[in-house]
Structures are given as structure tokens and as C-alpha cells.
Amino acid sequence: MTAPAAPRRILVVCLGNYCRSPLGGRILADLGGDAVEVRSAGLIDKWDQAHPEMTAAASALGYDLADHRPQQVTRELINWADLVLAMDHSVLEQLRGIASPDTTAEIRLYLDHDRDVPDPMGRPAAEFTACALLIEAGAAHHLH
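All of these numbers come straight from a predicted model, not from anything done at the bench. (Residues numbered from 1 in each chain as written. Predicted model: local features only at pLDDT ≥ 70, side-chain atom pairs only at ≥ 80, totals over all residues. Heavy atoms only, no water.)

Residue His113 is not a glycine yet carries a positive backbone phi of 60°. Along the chain, His113 falls in the loop between strand 4 (106-109) and helix 5 (125-139). For His113, a relative accessible area of 67% puts it in the exposed group. The residue Asp114 is not glycine, and still its phi comes out positive at about 60°. Exposure remark for Asp114: the relative accessible area of 57% places this residue in the exposed category. (Helix = DSSP H or I, 4+ residues; strand = E, 2+ residues; numbered from the N terminus. Buried < 20%, exposed > 50% of the residue type's maximum accessible area, 1.4 Å probe, protein only.)

Here is the structure:
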């Protein structure tokens, strides 16, 4: 009998770990089950919970962000991961600068086709909903 494979470690990163990456992390964890271990982080450390509008948008889709506590990305977190997903090109560029030269983590955009997940911060509630739907739609291709 073979031992079960270790879970794939996925780190999802946005600017503040306040809107986009908390939801991306939650969706990947929920859909991936025991096959993944997921964390999320932000480039800056400013908040102590997920954005209320994103929490509401997530809840409408069946995802719970109530217990989310933002954290700042570190080189250690990047090295922990097998896959690091940046929500936009700006975050991707900064992550590549933070990562150690010998990291084995694959670092790429969350969405395929070189697309950014737009930051809904400071926008109307409808933008959070649209963002949440985009994040949900983009999750599945990270789990195969």
C-alpha cells in the first residue's frame, strides 16, 4: 500500500490580503480538500480581517471569510509553497523580488491568459461581486 501524496502547498497573494487573496485561498482550500494546503498573504500588513464587502460577496457564493486574519508575505512563506499565485502583474513582479533565488516554488498569475484579477478596493459592492466570481471561475485550473 502506498502512502498518500503530500498535499500541494498553494500560497495566494494580493496587495493587502484583504480582498482578493483571502477569497482565492478559501475557494482553493474548499475545492481542493485534502489534496491541498492553502495559505494567503499580502504585500503589505495593514488590516486585521477580510474586507466586509468581500466577506459578503464570498458568503453569497457559499464561502466563509469570517475567520480570515491577514498576514504579510515573507520569503519563508514563498519557500513553503509549491505554487505561489499572484492576483495581478504588480504583485507578481514584487513576489519575484522577494523570493529567494533558489526557491522551488512556481510563481505565476492566478488567472490564466496573462490576466489580472482587478482590485475592487474602494469600488462599489458590485465590483466585489464581479471580482469574487472571477476568482471562483479561475480556481479550478490550479487543482489538477
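Bringing the state of the cysteines into the picture now. Under the definition given, this model contains zero disulfides. In this structure Cys14 is a free cysteine whose sulfur lies 6.8 Å from that of Cys19, the closest cysteine sulfur available. Classification of Cys19 by relative accessible area gives buried; the value is 3%. (Disulfide = S-S within 2.5 Å.)

Attention shifts here to the packing of helix 2 (residues 52-60) against helix 5. It is at 9 Å that the axes of helix 2 and helix 5 come closest, and there the two elements cross at 50°. Our classification of the angle between helix 2 and helix 5 gives oblique. In the crossing of helix 2 with helix 5, the sense of the turn from one axis to the other is right-handed. Where helix 2 abuts helix 5, its residues Glu53, Met54 and Ala57 lie against Ala125, Phe128, Thr129, Cys131 and Ala132. Classifying every residue of the contact of helix 2 with helix 5 by side-chain character gives six nonpolar, one polar and one charged. (Axes fitted to C-alpha atoms, helices over the stretch in contact; angles between N-to-C directions. Parallel < 35°, antiparallel > 145°, perpendicular 65-115°, else oblique. Left-handed = near helix turned anticlockwise from the far one by under 90°. Contact = heavy atoms within 4.5 Å. Nonpolar A, V, L, I, M, F, W, Y, C, P; charged D, E, K, R; others polar.)

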